[in-house]
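Architecture at a glance
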Amino acid sequence: MPGIDECLLEVMRLPGARGAAVVDWTSGLALGTIGESPNGDHEATAAETAEVARMAAEQPVFALGATGPSTALPEEAAAGASPPVEDVIVTTRAGYHILRFVETAFDSSVFLHLWLDRAEGNLALARIRLGETAERLVLA
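Here goes a summary of the coordinates provided. Because the structure is predicted, anything quoted here is derived from the model rather than measured. (Residues numbered from 1 in each chain as written. Predicted model: local features only at pLDDT ≥ 70, side-chain atom pairs only at ≥ 80, totals over all residues. Heavy atoms only, no water.)

1. Description of the environment of Asp-41
The following threshold applies: Under the scheme used here, helices are H or I runs from DSSP no shorter than 4 residues and strands are E runs no shorter than 2 residues, and both carry numbers assigned from the N terminus. Think of a polar contact as two N or O atoms within 3.5 Å of one another; within protein, one of them needs to be a possible hydrogen donor and the other a possible acceptor, and neighboring residues in sequence only count if both atoms come from side chains.
Mapped onto the elements, Asp-41 comes out in the loop between β2 (29-35) and α2 (42-57). Polar side-chain contacts of Asp-41 include one of 3.1 Å to the backbone nitrogen of Glu-43.

2. Some remarks on helix α4 (residues 123-136)
Where we set the bar: Helix span is expected to be 1.5 Å times the residue number reduced by one. Each residue is assigned to one of three classes by its accessible area relative to the maximum for its type, calculated with a 1.4 Å probe on protein chains only: buried under 20%, partly exposed between the two thresholds, exposed over 50%. Working note: the arc is built from the helix axis to C-beta atom directions. In what follows, a contact means two residues having at least one pair of non-hydrogen atoms within 4.5 Å.
Counted at 1.5 Å a residue, the expected span for α4 with its 14 residues is 20 Å, and the 20 Å between its end C-alpha atoms agrees. Those residues of α4 that fall on the buried side of the exposure criterion are Ala-126, Leu-130, Gly-131, Thr-133 and Ala-134. The arc that holds the buried residues of α4, viewed along the axis, is 165°, so those residues lie on one side. Summarising the geometry of α4, the exposed residues directed more than 90 degrees from the buried face are Ile-128 and Glu-135. Those residues of α4 that are buried lie in contact with α1 (4-11), β6 (95-102) and β7 (110-117). By the N-cap criterion, in which a side-chain oxygen at the helix start approaches the backbone nitrogen of a residue two or three places on, α4 is capped by Asn-122, the distance to Ala-124 being 3.1 Å.

Written out as structure tokens, the structure reads:
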């Protein structure tokens, strides 16, 4: 079971990976970073992406699944229950930002952020691999 550093190294092996981080979305703090940051400051990027993750995870519209309402209410997601959202993808002209929520034993308030170059990266592959990495991530 890999920890933060091992998971970040694994994510950076993806074609087109420019930078990655493990972020606590309730506090906006980076728990680990690697590679480049879109704005040159990993901590500022963590805070900004945490705001996006929080907004997505706490919206009732995203709690509705294909089979009906999710069992996790927005209040539960805000309190640390597993959010109903798996990931958030933001597309820019030059790249992709994938925020993948990580389910943990304690409060599930962590996500992986991958910054991927649009010309060199493969969004589908990155999303699949990020999901696999998130499942194996061990936070201690």
